[in-house]
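Spelled out from the first residue to the last, the chains are:
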Amino acid sequence: RRAPRSWTVLSGLEPLEIRPDALFINIGERTNVAGSKRFARLIREGQYEDALSVARQQVENGAQMIDVNMDDALLDAPREMTRFLNMMAADPDIGRVPVMLDSSRFEVIEAGLKCLQGKGVVNSISLKEGESAFLEHACTVQEFGAAVVVMAFDESGQATNAQQRVDILSRARNLLLEQAGYEDRDIIFDPNIYAIATGIAEHDNYAVDYLETVRRLKEAFPACRVSGGVSNLSFSFRGRQAVREAMHAVFLYHAIHAGMDMGIVNAGAMPGYEDLESELRGRLEDLIFNRRFDATDRVLELTITDEPGRP
């Protein structure tokens, strides 16, 4: 078994240790073929230098970790993951930040683990296929010295309300500690950020449930970290990028206060919470906290320009 690696992100010339009480960690999301049409096209066409510039731009914009996903039916995902990670490691501007290996296929994760330099993060494993598969994957990840993201899924499906999320993730943590030899510092919970404002009433409280789950997890397991894919929240507003960015800024402000440690975001694209116009902030908070039945309509009433904070 390999020796554990230390959590360190290089910021300029000074190392920043990632501790449970450290500042929020931005995970760049644009090197994901499922989430970026441009990046997917560059990889499919073999334009690797241009694809590499996407990762470099994320680091320049403040990403402290890079999420890489090659899950595409038109790609040989293990091969593309291997090729791209090796290119990233050879670039001094990109290779100084940790990598989050993102895939729903464990063979892709394994291919990526063989390429990582330093400590990485695997996104993700879950109890969806039962405890045996969960522990097998967890032990493989641990052999490479990586931390692991655990999703709020089990044999019955995905958790939606706060209690289900806490129950599943608590069970997963106990298995990792008791049967796989993990420590809390190498466990990252992802309680699942789901889209709100979909027109389906059952979805309206998803953001509230996520925030409540984060609070409860951090109270119970303060040394574990909590993450999430922030852009999932605003899928209902696709095509309205300024609305989405403002929505992400408001949600992150409250999620970080609840205890969220890291999140997959479009580094550099979000306005600051305090920079948003107060009317816009208030309407977005009504939506996120499910405080009004007409919250979605009230957000759509505002014509939000690409200049953050100005309706």
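Refer to the structure printed above.
Here is what the cut-offs are and how they apply
- Each chain has its residues counted from 1, following the order in which its sequence is written.
- Reporting in this predicted model follows two pLDDT cut-offs: at least 70 for local features of residues, and 80 or more for side-chain atom pairs to be given and counted; totals over whole chains, interfaces and linings ignore these cut-offs and use all residues.
- No hydrogens and no water enter the side-chain calculation; it runs on all heavy atoms of the structure.
- Only Phe, Tyr and Trp rings take part, Trp by its six-membered ring, and two of them pair if their centres are within 6.5 Å. Stacked means planes under 30 degrees apart, edge-to-face means over 60, and tilted covers everything else.
- By definition, any uninterrupted DSSP run of H or I lasting at least four residues is a helix, any uninterrupted run of E lasting at least two residues is a strand, and each is numbered from the N terminus.
- For every residue, the accessible area (1.4 Å probe, protein chains only) is compared with the maximum for its type, and the residue is labelled buried under 20%, exposed over 50%, or partly exposed between those bounds.
- The criterion is simple. A nonpolar core is a set of buried Ala, Val, Leu, Ile, Met, Phe, Trp, Tyr and Cys residues joined through side-chain atoms within 4.5 Å.
- A fitted line through C-alpha atoms serves as each axis, taken over the contacting stretch for helices, and the angle formed by two N-to-C directions is quoted from 0 to 180°.
- Our angle categories are set so that under 35 degrees counts as roughly parallel, over 145 as roughly antiparallel, 65 to 115 as roughly perpendicular, and the remainder as oblique.
- Less than a right angle of anticlockwise turn of the near helix away from the far helix marks a crossing as left-handed, whereas a clockwise turn marks it as right-handed.
- In this analysis, two residues are considered to be in contact whenever any of their non-hydrogen atoms come within 4.5 Å of each other.
- Polarity classes work like this: nonpolar for Ala, Val, Leu, Ile, Met, Phe, Trp, Tyr, Cys and Pro, charged for Asp, Glu, Lys and Arg, and polar for all others, with Gly in that last group.

Asks: What exactly am I supposed to notice about the packing of aromatic side chains here?
Replies: The geometry of two aromatic rings is summed up by the distance between their centres and the angle between their planes. According to the stated counting rule, one finds five aromatic pairs in the structure shown. Ring centres 5.4 Å apart and planes at 75 degrees place the aromatic pair Phe39 and Phe84 in the edge-to-face group. On the criterion of sequence distance, the pair formed by Phe39 in helix α1 (residues 37–44) and Phe84 in helix α3 (residues 77–90) is long-range, its members being 45 residues apart. Accessibility classification places Phe39 together with Phe84 in one group, the buried group. Between Tyr210 and Phe251, the ring centres sit 5.7 Å apart and the planes meet at 45 degrees, which makes this aromatic pair tilted. Taken together, the residues Tyr210 in helix α7 (residues 206–220) and Phe251 in helix α8 (residues 241–258) connect sequence positions 41 residues apart. A residue is classified by how much of its surface remains accessible, and Tyr210, at 1% relative accessible area, is buried.

Asks: What should I look at first to understand the nonpolar core in this one?
Replies: Across soluble globular proteins, nonpolar side chains have a tendency to be buried as a group. Ranked by size, the top nonpolar core spans 91 residues in total, and within it Phe84 and Phe251 carry the most contacts. With nine residues, α8 is the largest single contributor of residues to this core. If you look at the next biggest cluster of nonpolar residues, it comprises 11 residues, including Ile25, Met65, Ala147 and Met151.

Asks: Just checking my understanding: could you explain the packing of helix α6 (residues 162–179) against α7 for this structure?
Replies: It is the contact of α6 with α7, at a shortest axis distance of 8 Å, that shows an interaxial angle of 40 degrees. With respect to α7, the axis of α6 lies oblique. Taken as a pair, α6 and α7 cross one another with a handedness that is right-handed. Between α6 and α7, the residues in contact are Ala162, Gln163, Arg165, Val166 and Leu169 and Tyr206, Asp209, Tyr210, Glu212, Thr213, Arg216 and Leu217, respectively. Tallied by class, residues from the contact of α6 with α7 come to six nonpolar, two polar and four charged.

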